[in-house]
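Descriptive analysis of the structure
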Amino acid sequence: LNFRPRHAVALSNFTILGGALANTLVNLLQRDENGQSMIDWNIIVMMEPATIAGTIVGSFLSKYLADFVLMVFLILVLAALSFRTLDKGLEMFNHETAQGPQALP
């Protein structure tokens, strides 16, 4: 689509916002077996200040950094998150493999 990095990041953030709103609306009225809300509001209260601070810092960096530097940062973040996901997946695979066939439902 040939978006510049700062426009692509803004579009991505808007898409994530839409998904988050849809998930919140779907889960808002859902309850677990104890009648508690499926949404843990205490975790949200703890996480949101850091999320908002990160968004503000990212917004300022996006305005003042060159596109090349912004792309390098985005690639580094993507690589770090990909490595963490792969590491966690391999850890889970090894754990389930060690348990043998009895671990399967």
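In short, a report on the structure. Just so you know, these numbers come straight off a predicted model, no measurement behind them.

Within the protein chain, the secondary structure is distributed over three helices and zero strands. Each helix and strand of the protein chain, ordered N terminal to C terminal, gives the series α-α-α. Its C-alpha atoms give the protein chain a radius of gyration of 19 Å, clearly above 13 Å, the size a compact globule of 105 residues would have. Considering only C-alpha atoms, the protein chain reaches an extent of 55 × 35 × 30 Å along its principal axes. A burial count over the protein chain gives 4% of its 105 residues as buried. Summed over its atoms, the accessible surface of the protein chain is roughly 9,200 Å², and 70% of this surface lies on carbon and sulfur atoms. Charge-centre separation for the protein chain: the mean point of 6 positive side chains lies 15 Å from the mean point of 8 negative side chains.

To continue, consider the layout of surface pockets. Volume-wise, the largest pocket comes out at about 630 Å³. Together, 17 residues line the largest pocket, and Val9, Asn13, Gly54, Gly58 and Leu74 are the ones closest to its centre. Broken down by secondary-structure element, the contributors of at least two residues to the lining of the largest pocket are α1 (5-27), α2 (41-64) and α3 (67-99). With seven residues, the top contributor of residues to the lining of the largest pocket is α2. Per-class residue counts for the lining of the largest pocket are eight nonpolar, seven polar and two charged. The calculated volume of the second largest pocket comes to roughly 410 Å³.

Before going further, it helps to examine α3. With 33 residues, α3 should cover 48 Å at 1.5 Å per step; its first-to-last C-alpha distance of 48 Å lies within 8% of that length. Downstream of α3 by one or two residues, Gly100 has phi in the positive range, about 80°.

Right, let's get into the pattern of salt bridges. Going through the model one piece at a time under the given rule, you end up with two salt bridges. Between Asp67 and Arg4 there is a salt bridge whose closest N-O contact spans 2.9 Å. Placement of Asp67 in helix α3 and of Arg4 in the segment before α1 is noted, with a sequence separation of 63 residues between them. The salt bridge partner of Lys88 is Glu91, with a shortest N-O separation of 3.9 Å. Of this pair, Lys88 and Glu91 both sit in helix α3, three residues apart, which is roughly one turn of that helix.

With respect to the element layout, Asn2 can be found in the segment before α1. Note on Asn2: relative accessible area 82%, which makes it exposed. In this structure the C-alpha to C-alpha distance between Asn2 and Gln102, which are 100 residues apart in sequence, comes to 50 Å.

Each value, and the rule that gives it
Residues numbered from 1 in each chain as written. Predicted model: local features only at pLDDT ≥ 70, side-chain atom pairs only at ≥ 80, totals over all residues. Heavy atoms only, no water. Helix = DSSP H or I, 4+ residues; strand = E, 2+ residues; numbered from the N terminus. Rg over C-alpha atoms; globule rule 2.2 N^0.38 Å. Buried < 20%, exposed > 50% of the residue type's maximum accessible area, 1.4 Å probe, protein only. Areas by Shrake-Rupley, 256 points an atom, 1.4 Å probe, with all protein chains shown as cover. Lys, Arg positive; Asp, Glu negative; His and termini not counted. Charge placed at Lys NZ, Arg CZ, Asp CG, Glu CD. 1 Å grid on protein atoms, 1.4 Å probe; cavity = no way out; pocket = protein on both sides within 12 Å on 5 of 7 lines; lining within 4 Å. Points joined across faces, edges and corners; volume = space filled by probe spheres on them. Nonpolar A, V, L, I, M, F, W, Y, C, P; charged D, E, K, R; others polar. Expected span 1.5 Å × (residues − 1). Salt bridge = Lys/Arg side-chain N within 4 Å of Asp/Glu carboxyl O.

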